[in-house]
Each structure stands twice: as C-alpha cells, then as structure tokens.
Amino acid sequence: MTNPIFWVGVLTLAAIYASLAMALNVESGWGGMWDLGIAGLLAAGSYCYVILTADPDLGMRFAPGLSMWVAWPLSALFTGLVAFAIGAPALRLRREYFLITTLAFAEIIRQLVVIQADFTRGTLGIPNINRPFDSFVTGRDYNYVLLGIAVVAAAVMYLVTRQVGISPFGRTLRAARDNEAVALALGKRVNRMRIKTFILAGVLIGATAPVYLFYIRAISPQLFAPGITFTVWTALVIGGLGSIRGGLAGAFVLIVFTEAVGLIEVDPSHINILVAIEPFLVGLLLVLVLRFRPDGLFSERSAFGAGNRAAGRSAGDSRPAGAAQGSGG
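Quick caveat, the model's predicted, so the values are computed rather than measured.

### A look at the overall build of the protein chain
- The helix and strand inventory of the protein chain stands at 14 helices and 0 strands.
- Beginning at the N terminus, the succession of helices and strands in the protein chain can be written as α-α-α-α-α-α-α-α-α-α-α-α-α-α.
- Here the C-alpha atoms of the protein chain give a radius of gyration of 20 Å, agreeing with the 20 Å that 2.2 N^0.38 yields for 329 residues.
- Overall, the C-alpha framework of the protein chain stretches about 60 × 50 × 35 Å when taken along its three principal axes.
- Relative to its 329 residues, the protein chain shows a buried fraction of 47%.
- The long-range share in the protein chain, meaning contacts at least 24 apart out of those at least 6 apart in sequence, stands at 78%.
- When the 25 basic and 18 acidic side-chain charges of the protein chain are each reduced to a single mean position, those positions are 13 Å apart.

Right, here's the structure in full:
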C-alpha cells in the first residue's frame, strides 16, 4: 500500500500547478496571449525570493536576509516588473512570433541565472531553503503543513482569477480577444489592457513561486526548464482553456494521473519501459480529452454562458480565438 505521505506530496504538487495554470488562464485563456515563458517568470520570482531571504554566510553579493513574509510579496512585485519588461516588446508581435519571443525570454532568464553566479550561485544552486512554520512542525508531519499552504494558495488564486474573469475588465478582455477590431472601434485601449493582463499574470506567478520553493526545498537553474511551461499548458488544456475552474481541475487530474502511472508495478527489468511510456500515456490522456471534450473538462461557455468564443467560432474562425496574439499595435 502506498504511503499516505506520497499522496500528500502529489496533492501539494497538484495544488502548485493549479495555481500556475489559473494564472496562465488569465493571460492566455481570456487575454488570447499564448505565453510559453511561464518557467522564466517562475524562475524570476523564485530567485528574487531566495536572494532576499538568503543567509549572508553563503557569500552571495547581495543577501539582505529579509523575512520570508516580506520577501514573498516583493518577489510577486518583481516578477510583475519582469513581465512588463518582457511584455512591452513581445506584445507588439502576433501568433507564432509571440510564442517564440516568450519562450526565448524564458531561456534568457535561465541563462542569466547561470551567468550571474555572484548573485545566484549559478549552477551550484541554493539548498535548504527556509519554509514557514518548519520550526514548529518537523519531519514528515511538515508535509501536511505544506499541503495546507499550497491548498490555501490555490484557493486564493482561484478567488482572485474568478473575480478577474467576471469583472468588467475580464469581459472586455475576452471581447478584445475574440474581435479586436470591434474593441478598438469602441474605444478600448487593447494594447494597454493586454500589458496590464500580462503584468497581472506575472504577479500571480511570482506569488506562487515561494510555494514551489517550499516544495522542492532547493533551487538551481535546471529546475526551470521549458518542461514546467508545457506541464502547466497541458493541465490548462485538459481542464478547459478559458474556464474559471479549468486550471484547477486540469492540474489535479494531470498530476494525479502522472504519479499514478509511476506506481504501476512492473518487473525491475522493465522499469525503463515504464519510464518511457509515462509521457506517452500523458499524451494519450490529452488526445482523448481533446477528442471527446475539445473544450476541456470545464468549458468557457459553461463558466460565462454563451460567450464570445462560441460566437467567434460559429462565424467560421477555426483557429483558437486570439491564438498567440499580441496587441496588434
């Protein structure tokens, strides 16, 4: 029988990815900005938090040793600034150019972490990151505390993103995604609105970064490879792009399914086959969802009624609304 602590860890990871997927949904599901730079923004927030809270004895050039409760919001704000620096040029591009640019920026951030070793310790990384309440709860019991932190963070993310989605700003954002020309004709400042959305997504990802660090307990550049971005995207697509609950549901389904596949008992001589078949089964899950529920487990239409996306598709637009668009000027 599987140790309960294992499933506590799985649910913790699922809650973290749920937070990231809901943040991605704000800019991609509702804003139509298909961002492939999630890992880069997560790295920016994570390293900001670690640098601000690092022990000065580590020999880093800048280590103010701030409290984690001060560094947490500062890391969110810093990630928002990084998102602005990326979004200002990237949002002038459209479709595949926007995708490539955000992916390139994410890799640039990762390489900067490696190069600026005086500030980040480069490839050596930083181990044993302090976590909240670990002086009161130690050992295996802390896994339950960490699960509680991750679930609370995901719940707060859900409430924030839901409020954005049902607000006039969210409705205008979806309208501009589906028909930018009409939004511009009505006097909406689409470019400014998308930059605000991109910054908001950056702040939300930066706020999630410390929870991710509490889970992995260490940091190094290798932890922010593009695989994180694609996992978040897969979770969002499975749950339902544009749906309020899609990112939350999709992350739990994807992470639990992936970890459950790893529990399949096979002969030790066939363990390599199981490792190789795991991504195939995840891909098969995604294909099945797209085949039988193309809008995901929860559709945008069910969240907001017969919204603009359905209208746009009925008019003959077979391309996903706002796919990889920037502002268009």
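Having seen the structure, we can now continue with the description.
### Re unusual backbone geometry
- In the Ramachandran plot, Arg121 falls in the positive-phi region, its phi being about 65° despite a non-glycine side chain.
- Within the fold, Arg121 resides in the loop between helix 5 (117–120) and helix 6 (142–166).
- If you check the backbone angles, Arg217 has positive phi at about 65° while not being a glycine.
- On the secondary structure map, Arg217 appears in the loop between helix 9 (190–216) and helix 10 (227–239).
- Look at Arg217 and you get partly exposed, because its relative accessible area is 28%.

### Re helix 3 (residues 68–90)
- Over its 23 residues, helix 3 runs 32 Å from end to end, which matches the ideal 33 Å to within 8%, given 1.5 Å per residue.
- Here helix 3 has its buried residues at Met68, Ala71, Trp72, Ser75, Ala76, Thr79, Gly80, Val82, Ala83, Ile86, Gly87 and Ala90.

### Section: the packing of aromatic side chains
- Inspection of every chain in the model, using the stated rule, returns 10 aromatic pairs.
- Among the aromatic residues, those joined into a cluster by ring pairs are Tyr49, Trp69, Trp72, Phe133 and Phe214.
- When the ring centre of Phe304 is taken as reference, the NZ or CZ atom of Arg174 above it lies at 3.7 Å.
- For Arg291, the ring lying beneath its charged end belongs to Phe292, and the centroid distance is 5.1 Å.

### Points about the environment of Ile108
- Residue position: Ile108 is located in helix 4 (residues 95–115).
- What makes Ile108 partly exposed here is its relative accessible area of 45%.
- In this structure, the C-alpha to C-alpha distance between Ile108 and Val275, residues 167 residues apart in sequence, is 30 Å.

### Let's talk about a nonpolar patch on the surface
- Taken together, the side chains of Ile277, Phe280, Leu284, Leu288 and Phe292 define a hydrophobic patch exposed on the protein surface, amounting to about 490 Å² of accessible area.
- As for its placement among the helices and strands, Leu288 is situated in helix 12 (residues 271–292).

### Thoughts on the pattern of salt bridges
- Enumeration over the complete set of coordinates arrives at 5 salt bridges.
- Arg61 is the salt-bridge partner of Asp118, the closest N and O atoms lying 2.7 Å from each other. With Asp118 in helix 5 and Arg61 in the loop between helix 2 (38–53) and helix 3, this pair connects stretches of sequence that are 57 residues apart.
- Salt-bridge contacts for Asp178 lead to Arg177; the nearest nitrogen and oxygen are separated by 2.9 Å.

### Here's the deal with the packing of helix 2 against helix 4
- For the pair helix 2 and helix 4, the least separation of the axes is 8 Å and the interaxial angle reads 35°. Contacts from Gly40, Ala43, Ala44 and Tyr47 in helix 2 reach Ala106, Ile109 and Val113 in helix 4.
- Residue composition of the contact of helix 2 with helix 4, grouped by class: 6 nonpolar, 1 polar and no charged.

### Let's talk about the packing of helix 10 against helix 11 (residues 246–262)
- In the contact formed by helix 10 and helix 11, the axes pass within 7 Å of each other and the chain directions differ by 115°. Classified by the angle their axes make, helix 10 and helix 11 are roughly perpendicular. The way helix 10 lies across helix 11 gives a crossing that is right-handed. Residues Thr231, Thr234, Ala235, Leu236, Ile238 and Gly239 of helix 10 form the contact with helix 11, whose own contacting residues are Gly246, Gly247, Gly250, Ala251, Val253, Leu254 and Ile255.
- For the contact of helix 10 with helix 11, a count of residues per class yields 7 nonpolar, 6 polar and no charged.

### Here's the deal with the nonpolar core
- In this structure, Tyr17, Leu42, Tyr49, Ile219, Phe224, Ile228 and Val232 are the most contacted members of the largest nonpolar core, which totals 82 residues.
- Here the element with the most residues in this core is helix 1 (residues 4–30); it accounts for 14 residues.
- Not counting the four nearest positions on each side in its chain, Tyr17 is found in contact with Ile228, Thr231, Val232, Ala251 and Ile255.

Reading guide: rules and limits
- Residues numbered from 1 in each chain as written.
- Predicted model: local features only at pLDDT ≥ 70, side-chain atom pairs only at ≥ 80, totals over all residues.
- Heavy atoms only, no water.
- Helix = DSSP H or I, 4+ residues; strand = E, 2+ residues; numbered from the N terminus.
- Rg over C-alpha atoms; globule rule 2.2 N^0.38 Å.
- Buried < 20%, exposed > 50% of the residue type's maximum accessible area, 1.4 Å probe, protein only.
- Contact = heavy atoms within 4.5 Å.
- Lys, Arg positive; Asp, Glu negative; His and termini not counted.
- Charge placed at Lys NZ, Arg CZ, Asp CG, Glu CD.
- Expected span 1.5 Å × (residues − 1).
- Phe/Tyr/Trp six-rings, centres within 6.5 Å; stacked < 30°, edge-to-face > 60°.
- Lys NZ or Arg CZ within 6 Å of the ring centre and 35° of its normal.
- Patch = residues over 30% accessible without salt bridge, like charges linked within 9 Å, V, L, I, M, F, W, Y side chains within 5 Å.
- Areas by Shrake-Rupley, 256 points an atom, 1.4 Å probe, with all protein chains shown as cover.
- Salt bridge = Lys/Arg side-chain N within 4 Å of Asp/Glu carboxyl O.
- Axes fitted to C-alpha atoms, helices over the stretch in contact; angles between N-to-C directions.
- Nonpolar A, V, L, I, M, F, W, Y, C, P; charged D, E, K, R; others polar.
- Parallel < 35°, antiparallel > 145°, perpendicular 65-115°, else oblique.
- Left-handed = near helix turned anticlockwise from the far one by under 90°.
- Core = buried A, V, L, I, M, F, W, Y, C linked by side-chain atoms within 4.5 Å.

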